[in-house]
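Chain by chain, the residues run as shown.
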Amino acid sequence: MTIYRATVLDTPDSPFKGGLLRSEEDGGILVREGRILDRGAFRSLDAANPGDDVVEIQRGLLRRRD
């Protein structure tokens, strides 16, 4: 699995139904075989998944693309 570390933006609930933009400056997205398994604070994801590869995108921005 791979953890991507960057600023993460997403809308967990539909923005068309009142969902708000969520932002995490030091966030992480856990990915396995092209599927997002988890999203949250990088420290939490890293601690829960020791030994997984980490891709640092410190000056980058991760967003979900449909």
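Scoring rules and cut-offs
- Residues numbered from 1 in each chain as written.
- Predicted model: local features only at pLDDT ≥ 70, side-chain atom pairs only at ≥ 80, totals over all residues.
- Heavy atoms only, no water.
- Helix = DSSP H or I, 4+ residues; strand = E, 2+ residues; numbered from the N terminus.
- Buried < 20%, exposed > 50% of the residue type's maximum accessible area, 1.4 Å probe, protein only.
- Contact = heavy atoms within 4.5 Å.
- Pairing = 2+ DSSP bridges.
- Salt bridge = Lys/Arg side-chain N within 4 Å of Asp/Glu carboxyl O.

Draft legend 1. Fine view of the environment of Ile36. Tracing the backbone through its elements, the reader meets Ile36 in strand 3 (residues 35-41). The class for Ile36 is exposed, based on a relative accessible area of 54%. Separated by 10 residues in sequence, Ile36 and Asp26 place their C-alpha atoms 17 Å apart. Non-local contacts of Ile36, meaning those with residues more than four positions away in its chain, are made with Ile29, Leu30 and Val31.

Draft legend 2. Representation of the pairing of strand 3 in the model. Across 6 bridges, the pairing between strand 2 (residues 22-32) and strand 3 is antiparallel. Bridging across to strand 3, Ile29 finds its partner in Arg39. Where strand 2 folds back onto strand 3 in an antiparallel hairpin, the turn is made up of 2 residues, including Glu33, whose phi is positive at roughly 50°.

Draft legend 3. Region of interest: the pattern of salt bridges. Tallying each qualifying case throughout the model produces 5 salt bridges. Between Asp10 and Arg39 there is a salt bridge, with its nearest N and O atoms 3.3 Å apart. In this pair, Asp10 sits in strand 1 (residues 2-10) while Arg39 sits in strand 3, placing the two residues 29 residues apart along the sequence. When sorted by exposure, Asp10 lands in the same class as Arg39, which is buried. Glu24 is the partner of Arg39 in a salt bridge, and the nearest nitrogen-oxygen pair spans 2.7 Å. Taken together, the positions of Arg39 in strand 3 and Glu24 in strand 2 put the pair 15 residues apart, joining distant regions of the chain. Within this structure, Asp10, Arg22, Glu24 and Arg39 form a network of salt bridges that share partners.

Draft legend 4. A look at the pairing of strand 2. Bridge count between strand 1 and strand 2: 8 bridges; the pairing is antiparallel. Residue pairing across strands places Val8 opposite Glu24, the latter belonging to strand 2.

Draft legend 5. View of the environment of Gly34. Within the secondary structure, Gly34 is located in the loop between strand 2 and strand 3. For the pair Gly34 and Arg5, spaced 29 residues apart in the sequence, the C-alpha separation amounts to 16 Å.

Treat this as a map of the structure, not an account of what it does.
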